[in-house]
Amino acid sequence: MRKNIAAGNWKMNLAFEEAKSLSEHVSNVQVADGTEVILGVPFPYLEQIQKVIASNPGVHVAAQNCHQEAKGAYTGEVSLGMLASIGIKTVILGHSERRAYQKETDELLAQKVKAALQAGFKVIFCCGESLETREAGEHFDFVEGQLRNSLFDLEAKDWKQIVIAYEPIWAIGTGVTASPEQAQEIHAHIRTLLKNTFNEQVAEETSILYGGSVKPANAKELFSKSDIDGGLVGGASLKAADFEQIIKSF
Ligand code: PGA
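What you are looking at is a predicted structure, and each value in this text was computed from that prediction instead of being measured.

A. Region of the structure containing the sheet that holds strand S4 (residues 90-93). Read from one edge of the open sheet, eight strands run S3-S2-S1-S8-S7-S6-S5-S4, paired in parallel fashion. Pairing within the sheet leaves two strands with one partner each, and these edge strands are strand S3 (59-62) and S4. Adjacent strand axes in the sheet meet at a mean angle of 25°, parallel and antiparallel pairs treated alike. Two strands pair when backbone bridges link them, and strand S7 (residues 208-211) and strand S8 (residues 230-233) are joined in this way by two bridges, in the parallel orientation. Opposite Gly211, over in S8, you have Leu232 as the bridge partner. The sheet contacts of helix H7 (residues 139-151) involve strand S5 (122-127) and strand S6 (162-166), and relative to S5 the element is tilted by about 145°.

B. Geometry of helix H5 (residues 106-118). Along its 13 residues, H5 runs 18 Å from first to last C-alpha, staying within 8% of the 18 Å computed at 1.5 Å per residue. Inspection of H5 places Asp106, Leu109, Ala110, Lys112, Val113, Ala115, Ala116 and Leu117 among the buried residues, and these make up the whole buried set. On the buried face of H5, the contacting elements are helix H3 (80-85), S4, helix H4 (96-101), S5, H7 and S6. Following H5 by one or two positions, Gly120 has its phi on the positive side, about 85°.

C. Focus on the nonpolar core. Counting residues in each nonpolar core, the largest one holds 65 residues, and the members touching the most others are Leu39, Val113, Leu147, Leu151, Trp159, Ile164 and Tyr210. Look past the residues within four positions of Leu39 in its chain and what remains in contact with it is Gly8, Trp10, Ser23, Val26, Ile49, Ile53, Val59, His60, Val61, Ala62 and Phe243. If you look at the next biggest cluster of nonpolar residues, it comprises eleven residues, including Ile38, Ile92, Ile124 and Cys126.

D. Representation of the pattern of salt bridges within the structure. By the definition in use, this model includes 19 salt bridges. Of the charged contacts in the structure, one is a salt bridge between Glu204 and Arg2, with a shortest N-O distance of 3.4 Å. Separated by 202 residues along the polypeptide, Glu204 in helix H9 (residues 200-205) and Arg2 in the segment before strand S1 (4-9) bring together distant segments of the chain. With a shortest N-O distance of 3.8 Å, Glu200 and Lys195 are connected by a salt bridge. Looking at Lys195, the relative accessible area reads 41%, which means it is partly exposed. Through salt bridges with shared partners, a single ionic network connects Arg2, Arg191, Glu204, Asp227 and Asp229.

E. Examining helix H10 (residues 216-223) more closely. Of the residues making up H10, those classed as buried are Pro216, Asn218, Ala219, Leu222 and Phe223. An end-on view of H10 places all buried positions within 160° of arc, on one side of the element. In this structure, H10 carries Ala217 and Lys220 as exposed residues pointing more than 90 degrees from its buried face. Looking at the buried side of H10, the elements it contacts are helix H8 (180-197), S7, S8 and helix H11 (240-247).

F. Here's a closer look at the side chain of Arg191. Along the chain, Arg191 turns up in helix H8. On the basis of relative accessible area, Arg191 is assigned to the buried category, the value being 5%. There is a polar contact of 2.9 Å between the side chain of Arg191 and the backbone oxygen of Thr206. Not counting chain neighbours up to four residues away, the residues in contact with Arg191 comprise Arg2, Ala203, Glu204, Thr206, Ile208, Asp227 and Asp229.

G. Spotlight on the pairing of S8. Here S8 shows two buried faces, one formed by Gly230 and Leu232 and the other by Gly231 and Val233. Examined bridge by bridge, S1 and S8 share four bridges and lie parallel to one another. The partner of Ala7 across the bridge, within S8, is Leu232.

H. View of the site of the ligand. Every one of the 13 residues lining the ligand counts as a neighbour, but Lys11, His95, Glu167, Gly173 and Ser213 are closest to it. Contacts to the ligand include Glu167, whose side-chain N or O atom sits 2.6 Å from an oxygen atom. A distance of 2.7 Å is found between an oxygen atom of the ligand and a backbone nitrogen or oxygen belonging to Ser213. Across the complex, the protein chains shield 95% of the 280 Å² of accessible surface that the ligand would expose by itself. In the shell around the ligand, the residues fall into four nonpolar, seven polar and two charged.

Conventions used here
- Residues numbered from 1 in each chain as written.
- Predicted model: local features only at pLDDT ≥ 70, side-chain atom pairs only at ≥ 80, totals over all residues.
- Heavy atoms only, no water.
- Pairing = 2+ DSSP bridges.
- Helix = DSSP H or I, 4+ residues; strand = E, 2+ residues; numbered from the N terminus.
- Axes fitted to C-alpha atoms, helices over the stretch in contact; angles between N-to-C directions.
- Contact = heavy atoms within 4.5 Å.
- Expected span 1.5 Å × (residues − 1).
- Buried < 20%, exposed > 50% of the residue type's maximum accessible area, 1.4 Å probe, protein only.
- Core = buried A, V, L, I, M, F, W, Y, C linked by side-chain atoms within 4.5 Å.
- Salt bridge = Lys/Arg side-chain N within 4 Å of Asp/Glu carboxyl O.
- Arc of directions from axis to C-beta.
- Polar contact = N/O pair within 3.5 Å; in protein donor to acceptor, adjacent residues only side chain to side chain.
- Near = heavy atom within 4 Å.
- Areas by Shrake-Rupley, 256 points an atom, 1.4 Å probe, with all protein chains shown as cover.
- Nonpolar A, V, L, I, M, F, W, Y, C, P; charged D, E, K, R; others polar.

Rendered as structure tokens:
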């Protein structure tokens, strides 16, 4: 059985004290069996927030990025080995904001994913189309291309470590959510691709999250869809009560 996942993506928000009190709140939330909560935490706070949530086995932290090389002259970057050395085991890769602002390409992301898998990390891999692409009716092909270019030369066994987050760019931070039907339709397409490219087991066991203006008011309906296994939540994950309600929406 695949896991239900409520993942928060804090992005570049929160001073440390705010981050600490938010994660204290989350660590007190009772997480249902078969559900996992993941907090995407800024690098400087990872180690301390990990300590805050350590008492709750259902809650984990993730880095929001990593470098593809093991070490070297890459000023400002953070390696997987560094993250591993402070106990971090999950990384978010391919977020549309990094693709847009840091010019991360499918090819670079393929390298990052390979390095992360080799280092034993779990990867939350983001994909999703722009409004222009959706309006042109090309969203299925576009998302398929992103997955194909970065993930489809992996081996079936690697998928134990991968979670996909489908995040249409037009729904991120805009208050506009994809309808549960729009999200379900593309999630089902992704699952079929996994089945055809790898096998039935990979398709059935890979969690596929929806992201883009997930909030307490829409989480339940989104998560009730057969191929939506949870959410990657930005804005609403910064508000303790809202994120708690989202965690309880499965
Ligand atoms: P949002 O962000 O929930 O604020 O739309 C989602 C994301 O970017 O992961």
